[in-house]
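Analysis of the macromolecular model
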Amino acid sequence: MLPGVGVFGTGSTARVLVPLLKAEGFEVHALWGRSEEEACCLAKELGIPFHTSQSDDVLLHQDVDLVCIYIPPSMTRQIAVKALGIGKNVVCEKAATAVDSFKMVTAARYYPQLLSVMGNTLRFLPAFVAMRQLLVEGYVGELQVCDVRVYGPSLLDQSYGWTCEELMGGGGLHTVGSAIIDLLSYLTGARAHRVHGLLRTFVQQNGLIRGIRRVTSDDFCFFQMLMGGTGSGSVCCTVTLNFNMPGSFVHEVMVVGSTGRLVARGTELYGQRNGSKGEELLLDDSGWVGPEVKEMPLPHLRGLSSMVKALRQSFQAHEERRSWARGPVAMAPTFEDGLYVQTVVEAVKRSSCSGEWECVEIMSQEPDPNHNLCEALQRNKN
């Protein structure tokens, strides 16, 4: 028996997610938007019976047992933690800070019987599922290098909002880079321990964002990660994100090892072993028959569709609406993975400011909000 769904958000992801959920047999009972007008408009368009701008109206809805949260990062932690506390299963996007992510981890640990996963859909893309399996089977030998390139048009909204503000979780590193950081961890089975990065904001104003307002979120980002072992045993990863590129979207992930390489271009997977004359097509996933969405690149769209199918399989295995099976969603990133990713993002930002390599240290306890004040008082005493 599939759970009833409540969706938070009225952006492009929510517009795509709702039809995909319905196609898999889920009933979407409620929609939340930042304003009544936004929520009403999209609810009518997608045929959702209930809409609201009050978060509790969705969380307390008697027919909602699964909450999908696709809202600005600065709001994610509050809704996710409250949803788990009420007893709802949660699928959500990234939070704005590592502290917010840690609070989400704490809530998930307190309610282990509830589903709590991050919505990084790239893990579910068939090309990356196949790539991970081939890496495990030794297709490339000993893994040495990962190289990622993502190029596309501006990520900014039509009006000034959270996508323009670095502190609110806007920018290429947070929006797209976080998914890449998680994906590389999934593919390699390792985590970054040191990072080095450079962030730039080339477009600070445009025809719609001008006057006293300026964009602070990055539209170009380049960073390196050392993953796994120390010294020569580390996997070297380089990631380039450029969102000043009108035209076709480029999404390429390459892994190189001692005996060959694998590369995912868009939704297709290619491989080449050392000594062979050329690449071989290992997975042709170009036959996508779902909706084409201008605002969502095909790898994310195809991955989102696969994730929804996995959710259906997970809940279908049980007769109780809130019960779920771990197997079908075992590859989904947990809230702890989300904390790791946010920690790496913040380390890259620090590196961009310092110009130095930065260590990735995942917090084990929530920092004292009065820490700086206590230090200042202690200095005054001395």
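Here the structure is a predicted model, which is why all the values come from computation and not from measurement.

Conventions we followed
- Residues numbered from 1 in each chain as written.
- Predicted model: local features only at pLDDT ≥ 70, side-chain atom pairs only at ≥ 80, totals over all residues.
- Heavy atoms only, no water.
- Helix = DSSP H or I, 4+ residues; strand = E, 2+ residues; numbered from the N terminus.
- Rg over C-alpha atoms; globule rule 2.2 N^0.38 Å.
- Buried < 20%, exposed > 50% of the residue type's maximum accessible area, 1.4 Å probe, protein only.
- Contact = heavy atoms within 4.5 Å.
- Pairing = 2+ DSSP bridges.
- UniProt positions renumbered as here; feature names shortened; annotations may be inferred.
- Phe/Tyr/Trp six-rings, centres within 6.5 Å; stacked < 30°, edge-to-face > 60°.
- Lys NZ or Arg CZ within 6 Å of the ring centre and 35° of its normal.
- Axes fitted to C-alpha atoms, helices over the stretch in contact; angles between N-to-C directions.
- Polar contact = N/O pair within 3.5 Å; in protein donor to acceptor, adjacent residues only side chain to side chain.
- Salt bridge = Lys/Arg side-chain N within 4 Å of Asp/Glu carboxyl O.
- pLDDT = per-residue confidence, 0-100.

**Quick look at the overall build of the chain**
- If you tally the helices and strands in the chain, you get 10 helices and 15 strands.
- Relative to its length of 382 residues, the chain is compact, with a C-alpha radius of gyration of 21 Å against a globular reference of 21 Å.
- The proportion of buried residues among the 382 residues of the chain is 51%.
- Put simply, of all contacts in the chain between residues at least 6 apart along the chain, 66% involve residues at least 24 apart.

**Section: the pairing of strand E8 (residues 192-200)**
- Summarising the sheet, E8 and strand E9 (residues 220-228) pair through 8 bridges and their orientation is antiparallel. Within the sheet, the bridge partner assigned to Gly197 lies in E9 and is Phe223.
- One ladder, built from 2 bridges, connects E8 with strand E15 (residues 358-359); its direction is antiparallel. Paired with Arg194 across the two strands is Cys359, which belongs to E15.

**Examining the UniProt feature "domain: Gfo/Idh/MocA-like oxidoreductase N-terminal" (unreviewed entry) in the chain**
- Look at the UniProt record and you will see "domain: Gfo/Idh/MocA-like oxidoreductase N-terminal" (unreviewed entry) annotated at residues 5-117.
- End-to-end, the C-alpha atoms of residues 5-117 are 15 Å apart, and along that stretch the chain is 49% helix and 19% strand.

**Considerations on the packing of aromatic side chains**
- If you walk through the whole model with that rule in mind, you get 3 aromatic pairs.
- Each ring, one from Tyr110 and one from Tyr111, has its centre 5.0 Å from the other, and the planes form 80 degrees; the classification is edge-to-face.
- Under the relative-accessibility criterion, Tyr111 is labelled partly exposed at 23%.
- Lying across the ring of Tyr270, Arg265 places its NZ or CZ 5.2 Å from the centre.
- The ring of Tyr139 carries Arg273 above its face, with NZ or CZ at 4.0 Å from the centroid.

**Quick word on the sheet that holds strand E1 (residues 5-8)**
- Spatially, 6 strands are ordered E3-E2-E1-E4-E5-E6 in an open sheet, and the strand pairing comes out parallel. The open sheet has two edge strands, strand E3 (50-52) and strand E6 (116-118), and neither has a second partner. Across the sheet, the mean angle from the axis of one strand to that of its neighbour is 15 degrees, orientation sign disregarded.
- Sheet topology note: the strand E5 (residues 89-92)/E6 ladder contains 3 bridges and is parallel. Note on E6: the bridge partner recorded for Val90 is Ser116.
- Sheet strands in contact with helix H4 (residues 73-86) are E1, strand E2 (28-32), strand E4 (66-69), E5 and E6, and its direction is about 165 degrees off that of E5.

**Description of the sheet that holds strand E10 (residues 234-242)**
- Across the sheet, 9 strands lie side by side as E14-E13-E12-E11-E7-E10-E9-E8-E15; this open sheet has mixed pairing. At either margin of the open sheet sits one strand with a lone partner, and together these are strand E14 (280-283) and E15.
- Strand direction decides the pairing type here: strand E11 (residues 250-257) and strand E12 (residues 260-265), joined by 5 bridges, are antiparallel. If you follow Val253 over to E12, its bridge partner there is Ala264.
- Each of E8, E9 and E15 is contacted by helix H9 (residues 335-354), which is oriented at about 55 degrees to E8, the strand it contacts most.

**Quick word on the side chain of Lys94**
- Note that Lys94 resides in the loop between E5 and helix H5 (98-110).
- Under the relative-accessibility criterion, Lys94 is labelled buried at 17%.
- Within the structure, Lys94 has its side chain in polar contact with the side chain of Glu93 (distance 2.9 Å).
- Once residues lying within four places of it in the same chain are set aside, the contact partners of Lys94 are Pro73, Thr76, Met118, His174, Thr175 and Ser178.

**What about the pattern of salt bridges?**
- A full pass over the atoms with the stated rule returns 17 salt bridges.
- Across the pair Arg109 and Glu336 runs a salt bridge, and its minimum N-O distance is 2.9 Å. With a gap of 227 residues between them, Arg109 in helix H5 and Glu336 in helix H9 connect regions that are remote in the sequence.
- Linked by salt bridges that have partners in common, Arg149, Glu252, Arg261, Arg265 and Glu279 make up one network.

**Considerations on the confidence of the model for the chain**
- Averaged over every residue, the pLDDT of the chain is 91; the share at 70 or more is 94%.
- The element-level mean pLDDT for the chain is lowest in helix H10 (residues 371-381), coming to 58, with E4 highest at 98.

**A few points about the environment of Tyr151**
- Mapping Tyr151 onto the fold places it in strand E7 (residues 143-151).
- The buried category is assigned to Tyr151, whose relative accessible area is 19%.
- Residues Tyr151 and Asp218, 67 residues apart in the sequence, show an inter-C-alpha distance of 13 Å.
- Excluding residues that lie within four positions of it along the chain, Tyr151 makes contacts with Thr240, Asn242, Met245, Ser248, Phe249 and Val250.

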